[in-house]
Amino acid sequence: MRKTGILMPVSSLPSRTGVGEMGAEAYHFLTLLKESGIKIWQILPMNPVGYGNSPYQPYSSCAGDELYISLDTLYEEGLLYVLIGKAYRNVNQTIYVDNDNVLAGRETAAYLLSLGHERIAYLSGDHSLLFNNDRKMGYMLALTEHQIPFRPELCVEAPAIPEDQNQVLTALLTMQDRPTAVLVSDDILAVALEKACIGLGLSIPGDISIISFNNSLLSRFTTPPLTSVDVNSIQLGIEAAAQMISHVENPELVATKIIVPHHMVERGSCARAGRA
């Protein structure tokens, strides 16, 4: 006898954060299944989601993903937690450790402007993510400070890892008055951009300069190696652990906000504008 049921990843549940989590919405959904008389259902393994928060591209078959932890539930239950990244709600009550991503975006855009670039694009993942949006704000601020008009068509969103001959990247790189430099929100996306440039016969950095964020291993082994902003990820973890210990030992401490400095690592992906 055939039966129907539901197979789904947790990340597909409705959520205010844009990615499903094991919070109130998950409990509500389970109640809905029961009330609907559905007896066969399965939640897919909660492995780390891939680029663009895709549950179908996990980078580990063993680990879980912190995205599935409901911050609302932690807050409502009064549990101590430290967030790496800026809080998007309950800000005054949340302990968090982060970089100044507005400043980082501003400095990277200013660096490209100092090399003579004026047609600078901003390429990122989901713009609703706070760090992507903050870096975009910094980019726009640098343009304003240098009296460069903001062009919306140069601000491109790529919420998933671009495939070969990706239309978004191709449109950006082949537009009339195409950018001479691109500020990319992370190294993974920058690698995809480098690949698209090679496919279109564009030289890096001769035809287009690229600067990205995170200073991951990828940035060191591309051709050419990527100029990238190091966010000091190890220090972010150290500070988060230190804050957890401090608040365990001193429960009356106010919710601390720690900003970890960043620095740029210059490599071979940027050059002065007009260099052939």
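A. Fine view of the sheet that holds strand β4 (residues 95–98). Within the open sheet, the three strands sit side by side as β3-β4-β10. Their pairing is parallel. The sheet terminates laterally at β3 (82–84) and β10 (257–259), the two strands that pair on one side only. Ignoring strand direction, the axes of neighbouring strands in this sheet form an average angle of 15 degrees. Pairing of β3 with β4 involves three bridges; the strand directions are parallel. Within the sheet, the bridge partner assigned to V82 lies in β4 and is I95. The strands touched by helix α8 (residues 233–249) within the sheet are β3, β4 and β10, with β4 carrying the most contacts at an inclination of about 165 degrees.

B. Representation of the side chain of T108 in the model. With respect to the helices, strands and loops of the structure, T108 is situated in helix α3 (residues 101–114). For T108, a relative accessible area of 1% translates into the label buried. Polar contacts involving the side chain of T108 include one to the main-chain carbonyl oxygen of A104, which spans 3.0 Å. In contact with T108, other than residues within four places in its own chain, are L183, I211, F213, V229 and M264.

C. Local environment of the nonpolar core. Ranked by internal contacts, the top residues of the largest apolar core, which has 41 residues, are L123 and L193. Taken together, the elements giving at least two residues each to this core come down to α3, β5 (120–124), α4 (130–145), β6 (155–157), α5 (167–174), β7 (181–184), α6 (187–199) and β8 (209–213). If you tally residues by element for this core, the top one is α6, at six residues. Apart from residues lying up to four places away in sequence, L193 is in contact with L123, L169, L173, V182, V184 and I210.

D. Quick look at unusual backbone geometry. For the bond running from I204 to P205, omega is 5 degrees, close enough to zero to count as cis. Here P205 lies in the loop between α6 and β8. Looking along the chain, the bond that leaves T223 and enters P224 is cis, with omega of -5 degrees. Here P224 is to be found in the loop between α7 (217–221) and β9 (227–230).

E. Structural detail: the sheet that holds β9. Ordered by their spatial adjacency, six strands build an open sheet running β6-β5-β7-β8-β9-β11, and the pairing between neighbours is mixed. Every other strand in the sheet has two partners, leaving β6 and β11 (263–265) as the edge strands with one partner each. For this sheet the average axis-to-axis angle between neighbouring strands, irrespective of direction, equals 20 degrees. By the bridge criterion, four bridges tie β5 to β7 in an arrangement that is parallel. From the neighbouring strand, A121 faces β7, where its bridge partner is V182.

F. Fine view of the packing of α3 against α4. Between α3 and α4, whose axes approach to 7 Å, the crossing angle comes to 45 degrees. In this view, α3 runs oblique relative to α4, as classed from their interaxial angle. By crossing handedness, the relation of α3 to α4 is classed as right-handed. In this structure, α3 uses N101, V102, G105, R106, A109, A110 and L113 to contact α4, whose residues at the interface are F131, D134, R135, G138, Y139, L141, A142 and E145.

G. Just the packing of aromatic side chains, in detail. Scanning the model with the defined rule gives two aromatic pairs in all. Here Y122 and Y139 contribute two aromatic rings whose centre-to-centre distance is 5.6 Å and whose plane-to-plane angle is 25 degrees, an arrangement assigned as stacked. In this pair, Y122 is assigned in strand β5 and Y139 in helix α4, connecting sequence segments 17 residues apart. With respect to class, Y122 is no different from Y139; both count as buried. Y139 sits in the buried class, given a relative accessible area of 0%. Site record: aromatic cluster; members linked through ring pairs are Y122, Y139 and F150. Taking the ring centre of F213 as reference, the NZ or CZ of R135 above it sits at 4.1 Å.

H. Examining α8 more closely. Spanning 17 residues, α8 covers 25 Å between terminal C-alpha atoms, matching the ideal 24 Å at 1.5 Å per step. Where α8 is concerned, the buried positions are L236, A240, Q243 and H247. For α8, the angular spread of buried residues about the axis comes to 65 degrees, placing them on one side. Among the exposed residues of α8, those oriented more than 90 degrees off its buried face are I234, V248 and E249. The inward-facing, buried residues of α8 abut β3, β4 and β10.

Calculation rules
- Residues numbered from 1 in each chain as written.
- Predicted model: local features only at pLDDT ≥ 70, side-chain atom pairs only at ≥ 80, totals over all residues.
- Heavy atoms only, no water.
- Pairing = 2+ DSSP bridges.
- Helix = DSSP H or I, 4+ residues; strand = E, 2+ residues; numbered from the N terminus.
- Axes fitted to C-alpha atoms, helices over the stretch in contact; angles between N-to-C directions.
- Contact = heavy atoms within 4.5 Å.
- Buried < 20%, exposed > 50% of the residue type's maximum accessible area, 1.4 Å probe, protein only.
- Polar contact = N/O pair within 3.5 Å; in protein donor to acceptor, adjacent residues only side chain to side chain.
- Core = buried A, V, L, I, M, F, W, Y, C linked by side-chain atoms within 4.5 Å.
- Parallel < 35°, antiparallel > 145°, perpendicular 65-115°, else oblique.
- Left-handed = near helix turned anticlockwise from the far one by under 90°.
- Phe/Tyr/Trp six-rings, centres within 6.5 Å; stacked < 30°, edge-to-face > 60°.
- Lys NZ or Arg CZ within 6 Å of the ring centre and 35° of its normal.
- Expected span 1.5 Å × (residues − 1).
- Arc of directions from axis to C-beta.

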